[in-house]
Amino acid sequence: ILDVKGIDLVFIGPNDLHQSLGLKAQFWSEEPLFQENVQKIIKACKARNIPYGTLCPDAAQAKSRQAEGFTFIGLGSDTSFLLAGAGRQ
């Protein structure tokens, strides 16, 4: 996918990546298989100078991803929580 012309950023969807690896869906984990594949994606993005990001459940995890060099970070459950609190889904 990274070699397709026109790809200018990569979003690492942690739930989708876990599921595609046959693991339980979750935002992030230290599962060796998950971490190994995240590192493969990051290495490929860096080699092609493509920004990469991911989704985090809260600000604490977002800070961890920032420290790891992720370019853009979405706060998944925080947004859902705020919308639910406002009566919106």
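Note: the structure precedes this text.
Residues numbered from 1 in each chain as written. Predicted model: local features only at pLDDT ≥ 70, side-chain atom pairs only at ≥ 80, totals over all residues. Heavy atoms only, no water.

Chemist: Please clarify how the overall build of the chain should be interpreted in this entry.
Modeler: When you go through the chain residue by residue, the secondary structure sums to four helices and three strands. Along the chain direction, N to C, the helices and strands of the chain fall in the order β-α-α-β-α-β-α. Sorting the 89 residues of the chain into buried and exposed places 29% on the buried side. In the chain, of all internal contacts separated by at least 6 residues, the share reaching a separation of at least 24 is 40%. By element, 56% of the accessible surface of the chain is carried by carbon and sulfur atoms, the whole surface being about 5900 Å². (Helix = DSSP H or I, 4+ residues; strand = E, 2+ residues; numbered from the N terminus. Buried < 20%, exposed > 50% of the residue type's maximum accessible area, 1.4 Å probe, protein only. Contact = heavy atoms within 4.5 Å. Areas by Shrake-Rupley, 256 points an atom, 1.4 Å probe, with all protein chains shown as cover.)

Chemist: Would you mind showing me how to read the nonpolar core here?
Modeler: For soluble globular proteins, nonpolar side chains are generally found buried alongside one another. One finds Val10, Ile12, Leu17, Trp28, Phe34, Val38, Ile42, Cys45, Ile50, Tyr52 and Phe70 forming the largest nonpolar core, which totals eleven residues. Of all the elements in the fold, those that place two or more residues in this core are β1 (10-12) and α2 (32-48). Here this core gets four residues from one element, more than from any other, and that element is α2. (Core = buried A, V, L, I, M, F, W, Y, C linked by side-chain atoms within 4.5 Å.)

Chemist: I keep staring at α2 and nothing clicks. Help me out?
Modeler: Compared with an ideal rise of 1.5 Å per residue, which puts 17 residues at 24 Å, α2 spans 24 Å between its outermost C-alpha atoms and is within 8% of the ideal. Those residues of α2 that fall on the buried side of the exposure criterion are Phe34, Gln35, Asn37, Val38, Ile42, Ala44 and Cys45. Summarising the contacts, the buried residues of α2 are in contact with β1, α1 (14-20) and β2 (52-56). (Expected span 1.5 Å × (residues − 1).)

Chemist: Before we go on, may I ask you to explain the side chain of Asn37 in this structure?
Modeler: You can see Asn37 is positioned in helix α2. Take Asn37: its relative accessible area is 17%, and that puts it in the buried class. If sequence neighbours within four positions are ignored, Asn37 has contacts with Leu17 and Leu21.

Chemist: Explain a nonpolar patch on the surface to me, please; I cannot follow it from the model alone.
Modeler: On the surface, a nonpolar cluster with roughly 310 Å² of combined accessible area is contributed by Ile1, Val4 and Ile7. Structurally, Val4 is set in the segment before β1. (Patch = residues over 30% accessible without salt bridge, like charges linked within 9 Å, V, L, I, M, F, W, Y side chains within 5 Å. Salt bridge = Lys/Arg side-chain N within 4 Å of Asp/Glu carboxyl O.)

Spatial relationships are all this shows, so hold off on functional conclusions.
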